Amino acid sequence: MSVPLTLFASDNYAGAHPAVLEAVAAANVGWARAYGDDEWTARLRERLREIFGDVEAFPVFNGTGGNVTALSAVLRPYEAVICPETAHINVDECGAPERMAGAKLVDVPTPDGKLTPELVRSRLTGFGDQHHVQARVVSISQSTELGTVYAPAELLALADVTHEAGLLLQMDGARLVNAAEALGVKLRELTTDCGVDVLTLGGTKCGLLGAEAVVFLRPNLAAEYLYARKQGTQLASKMRFISAQLLRLFEGGLWRETAGHANAMARRLGDAVAATPGVTLAYPVQANAVFAALPARAIEQLHERYHFYVWDEDAGVVRLMCSWQTTPQDVDDLVSALRAATG
Ligand SMILES: Cc1ncc(COP(=O)(O)O)c(C=O)c1O
């Protein structure tokens, strides 16, 4: 039996974009100051200011580290984070926010991975009561873990309820670029302009070798972050190579190209899935993820050829991710296999 193909398992399974590897090689010239005192990191900070406004930005190694150190910089030990039940910080970070940021996560069930003002309000309780944890942060993912996308109006409404209660809005933007590309808006239209306070800006999923950044959209919140990043083991000594990757993605239009392609492949797959008898879309396809519900027998058969994750065993929902590297042919081949398995 042949080894199952891994290309729809995750956008993390994709390689690094050749242009990014070239940028890393170009940064490999002689000596450079360590720990972020280099010219690439300075240029990246400038570039992120052009994109997001008056921000303080800090490159980090990965998304979990970005989320955890960002949260630990703004939370006191008795404070809590309100997040969707499906949030990466809640289910996929091995308890790192609890252990390393000392945060209690108040997780909220949602129909589609998105918090709403009503859902947030339902958890705004116990303020001033010494027996209760004090909510300090509302955390959302854009796009969400279920492949859905918050529109600017939804973000504005969330920021309003968050700020009215004296809380901060943190965005896990591991796939912010996919959301921005899907909506055809600028990155600041989903962040700065909507009142997001702290952003974990993703890069790895859309073509980098491994680089993300914590961006404080309210720069005064960054005052303690240098210490939180180091203590959280996210301070890169040879930071030029992390910054060079992010610069390559955000200096020109590479992020639009890679995210736009991944989204287009997901739309192609989503349309075909929706037109396949016996298969339904579990969530609308709004970024680069397709969630499909299909019979257990069909999942088993497909697994012989493709490795992908079953998201909900009971409901028979599987996750199929597209990336900058997915080709139309890859999608069409998967659709043929899907139709053979469900036919
Ligand atoms: C929504 C979300 N946030 C953050 C991350 C970053 O995780 P990592 O620590 O693997 O870079 C991921 C990766 O799968 C993710 O899906």
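In what follows, the structure referred to is the one given above.
Residue indices begin from 1 for each chain and proceed along its sequence in written order. Where local features are concerned, this predicted model is filtered to residues with pLDDT of at least 70; where side-chain atom pairs are given and counted, the filter is 80 or more; whole-chain, interface and lining totals use all residues. Excluded from the side-chain calculation are hydrogens and water; included are all heavy atoms of the structure.

## Points about the site of the ligand
Taken together, the residues surrounding the ligand are Asn12, Asn62, Gly63, Thr64, His88, Glu145, Asp172, Ala174, Arg175 and Lys205. We define a polar contact as two N or O atoms separated by no more than 3.5 Å, with the added condition that, inside protein, one atom must be a possible hydrogen donor and the other a possible acceptor, whereas residues neighbouring each other in sequence contribute only through side-chain atom pairs. Within the backbone of Gly63, a nitrogen or oxygen atom sits 2.9 Å from an oxygen atom of the ligand. One of the side-chain N or O atoms of Asp172 is found 2.6 Å from a nitrogen atom in the ligand. Grid points spaced at 1 Å over the protein atoms alone were grouped into cavities, where a 1.4 Å probe fits but cannot get out, and pockets, open sets with protein on both sides within 12 Å along at least five of seven lines, with lining residues defined by an atom within 4 Å of a point. Placement in a cavity or pocket follows one criterion, namely that more than half of the molecule's atoms lie within 2 Å of its grid points. When atom positions are compared with the pocket grids, the ligand is found to occupy the largest pocket. Polarity classes work like this: nonpolar for Ala, Val, Leu, Ile, Met, Phe, Trp, Tyr, Cys and Pro, charged for Asp, Glu, Lys and Arg, and polar for all others, with Gly in that last group. Of the residues belonging to the shell around the ligand, the class tally is 1 nonpolar, 5 polar and 4 charged. Here, proximity means that at least one heavy atom of the residue falls within 4 Å of the molecule or strand.

## Examining the side chain of Ser141
Where helices and strands are cited, they refer to DSSP runs of H or I of at least four residues and of E of at least two residues respectively, numbered from the N terminus. For Ser141, the position within the fold is in strand β4 (residues 134–141). At 2.7 Å, the side chain of Ser141 and the side chain of Glu145 are in polar contact. Excluding residues that lie within four positions of it along the chain, Ser141 makes contacts with Tyr150 and Asp172. Pairs of residues are marked as contacts when any of their non-hydrogen atoms sit within 4.5 Å.

## Some remarks on the sheet that holds strand β9 (residues 289–293)
At least two bridges found by DSSP between two strands are what make those strands a pair. With antiparallel pairing, 4 strands are arranged side by side in an open sheet as β8-β9-β11-β10. The open sheet terminates on both sides in strands that have one partner only, identified here as β8 (280–281) and β10 (309–312). Relative to strand β11 (residues 317–321), β9 is paired through 5 bridges, and the arrangement is antiparallel. By the bridge assignment for β11, Ala292 is matched with Val318. Relative to β9, helix α11 (residues 254–274) is tilted by about 15°, and along the sheet it contacts β8, β9 and β11. Throughout, an axis means a line fitted to C-alpha atoms (over the contacting stretch in the case of helices), and angles, computed between N-to-C directions, take values from 0 to 180 degrees.

## Some remarks on the environment of Lys186
With respect to the helices and strands, Lys186 occurs in the loop between α8 (176–183) and β6 (198–201). Classification of residues uses two cut-offs on accessible area relative to the type maximum, computed with a 1.4 Å probe and protein chains only: under 20% is buried, over 50% is exposed, and between them is partly exposed. Here Lys186 falls in the exposed class, since its relative accessible area comes to 55%. Residues Lys186 and Thr200, 14 residues apart in the sequence, show an inter-C-alpha distance of 16 Å.

## Considerations on the layout of surface pockets
In this model, the largest pocket occupies a volume close to 460 Å³. Elements represented by at least two residues in the lining of the largest pocket include exactly α3 (63–74) and α4 (88–91). Here the residues of the lining of the largest pocket are counted per class, giving 4 nonpolar, 12 polar and 8 charged. Grid points are joined across faces, edges and corners, and a volume is the space filled by probe spheres set on the points.

## Brief notes about the pattern of salt bridges
When a carboxyl oxygen of Asp or Glu lies within 4 Å of a side-chain nitrogen of Lys or Arg, that pair is called a salt bridge. For the structure shown, the criterion picks out 12 salt bridges. The salt bridge involving Glu154 is made with Lys114; its shortest N-O contact spans 3.1 Å. With a gap of 40 residues between them, Glu154 in helix α7 (residues 152–164) and Lys114 in the loop between β3 (104–108) and α6 (117–121) connect regions that are remote in the sequence. Asp193 serves as the salt-bridge partner of Arg188, at 2.9 Å between the closest nitrogen and oxygen. For Asp193, a relative accessible area of 39% gives the class partly exposed.

## Comments concerning the packing of aromatic side chains
In summary, the pairing rule links any two rings of Phe, Tyr or Trp, Trp by its six-membered ring, whose centres are within 6.5 Å, and it sorts them by plane angle into stacked for under 30 degrees, edge-to-face for over 60 and tilted for everything else. Under the counting rule described, the total for this entry stands at 6 aromatic pairs. Taking the centre distance of 6.1 Å and the plane angle of 65° together, the rings of Phe8 and Tyr306 count as edge-to-face. Of this pair, Phe8 sits in the segment before α1 (18–26) while Tyr306 sits in the loop between α12 (296–303) and β10, placing them 298 residues apart in sequence. Since its relative accessible area comes to 0%, Phe8 is described here as buried. With relative accessibility at 2%, the residue Tyr306 sits in the buried group. Members of the aromatic cluster, joined through ring pairs, are Phe58, Phe216 and Tyr225. Taking NZ or CZ as reference, Lys114 lies 5.7 Å from the ring centre of Tyr150, over its face. Here, over-ring charges are defined by two tests on the NZ atom of lysine or the CZ atom of arginine: distance to the ring centre within 6 Å, and angle to the ring normal within 35 degrees.

## What about the side chain of Ser10?
For Ser10, the location among the structural elements is in the segment before α1. For Ser10, a relative accessible area of 7% gives the class buried. At 2.9 Å, the side chain of Ser10 and the backbone nitrogen of Asn12 are in polar contact. Not counting the four nearest positions on each side in its chain, Ser10 is found in contact with Arg319 and Met321.

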